[in-house]
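Summary of the model geometry
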Amino acid sequence: MKKILIIDGGPRRAMNTAALCDAFAEGAREAAPDVEVDRVRLYDLPAYRGCVSCLACKLKGRETGLCALRDGLSDTLRAVNEANGLVIASPIYFSEWTAMTRAFLERLVFPWLHYTDFSVTAPGKMPLAWIYSMNAPESMMPDIRAHLAILENAVSRAVGDPSPAFVEAYTTVQVKDYSRYAMDGLMPDAHIAWRSAHWEKDLAKARAAGSAMALKI
Ligand SMILES: Cc1cc2nc3c(=O)[nH]c(=O)nc-3n(C[C@H](O)[C@H](O)[C@H](O)COP(=O)(O)O)c2cc1C
């Protein structure tokens, strides 16, 4: 059975990033019921670290493409190498991924990177999708992308998907009731109005990306 693996790097179970992951999974399941869609919530995993620079993945003759460090992330890294489609989702924190997503990416990509010729290869080729949600408007995405591009491109090269899908939800609603929080700088009314006009479209985009990936694998 073909498998899509969704890595959900957001800490909140029922907010923006999680809902976009749900929509992606729904779209995939509707388009191809025979495709298995698995979801890993990084914040639910037992404790894990980012790359500790042990360099075990660079030992001659021992380049397995899999991080040698054994901790709460090990099973998930193995599951990525066995998937047929990969989705990586994260809210944007300080113009980057969440810390748990960043740690996951270090542990995923460093064993794929060859210090011999600087190629990046995953054990399997597969389509790739990124899901992001953020407070920022779309006009700020080029600045944010500058922070994301190196690792995004490395994953693309590794899995052999030069044109991954991007589902990006801008100007998200960060809290259910803005009146309880000191957040006036975000101009909540304008924020909520913009978001309510765009949320269904973003969910539809996530669903469409899920369908497209499921039909491709
Ligand atoms: C610690 C932290 C840092 C954040 N940094 C940014 C940022 O740099 N740019 C941005 O657009 N939004 C930023 N945000 C807002 C979130 O990205 C945004 O609200 C997102 O949609 C939250 O996703 P969630 O609802 O799935 O938790 C930040 C939020 C937190 C908690």
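Below is a summary of the structure that appears in this document. On a predicted model such as this, the values are computed, not experimentally measured, just so you know.

1. Description of empty space enclosed by the protein
One water molecule sets the probe size; rolling that probe over the atoms shows where empty space is left. What the rule picks out here adds up to 1 cavity of 30 Å³ or more. Considered as a void within the structure, the largest cavity measures approximately 70 Å³ in volume. As for the largest cavity, its lining consists of Cys51, Val52, Cys54, Leu55, Cys57, Cys67, Ala68, Arg107, Phe110 and Pro111. Considered class by class, the residues forming the lining of the largest cavity number 9 nonpolar, no polar and 1 charged.

2. Some details on helix H1 (residues 16-31)
Given a rise of 1.5 Å per residue, 16 residues ought to cover 22 Å, and the 23 Å separating the end C-alpha atoms of H1 matches this to within 8%. Among all positions of H1, only Asn16, Thr17, Ala18, Leu20, Cys21, Ala23, Phe24, Ala25, Gly27 and Ala28 are buried. Elements that come into contact with the buried residues of H1 comprise strand E1 (3-8), strand E2 (36-41), strand E3 (85-91), strand E4 (128-133), strand E5 (165-169) and helix H5 (188-216).

3. With respect to the site of the ligand
Around the ligand there are 15 residues in total, and Thr17, Ile92, Ser133, Ala136 and Thr172 lie nearest to it. Side-chain polar atom of Thr17 to an oxygen atom of the ligand: 2.7 Å apart, as the coordinates give it. One of the side-chain N or O atoms of Ser133 is found 2.7 Å from an oxygen atom in the ligand. When the ligand sits alone it has 650 Å² of accessible area, and the protein chains cover 81% of it. Among the detected pockets, the ligand sits in the largest pocket. Across the shell around the ligand, the residue classes break down as 7 nonpolar, 7 polar and 1 charged.

Reading the values: the criteria
- Residues numbered from 1 in each chain as written.
- Predicted model: local features only at pLDDT ≥ 70, side-chain atom pairs only at ≥ 80, totals over all residues.
- Heavy atoms only, no water.
- 1 Å grid on protein atoms, 1.4 Å probe; cavity = no way out; pocket = protein on both sides within 12 Å on 5 of 7 lines; lining within 4 Å.
- Points joined across faces, edges and corners; volume = space filled by probe spheres on them.
- Nonpolar A, V, L, I, M, F, W, Y, C, P; charged D, E, K, R; others polar.
- Helix = DSSP H or I, 4+ residues; strand = E, 2+ residues; numbered from the N terminus.
- Expected span 1.5 Å × (residues − 1).
- Buried < 20%, exposed > 50% of the residue type's maximum accessible area, 1.4 Å probe, protein only.
- Contact = heavy atoms within 4.5 Å.
- Near = heavy atom within 4 Å.
- Polar contact = N/O pair within 3.5 Å; in protein donor to acceptor, adjacent residues only side chain to side chain.
- Areas by Shrake-Rupley, 256 points an atom, 1.4 Å probe, with all protein chains shown as cover.
- Sits in = over half its atoms within 2 Å of the grid points.

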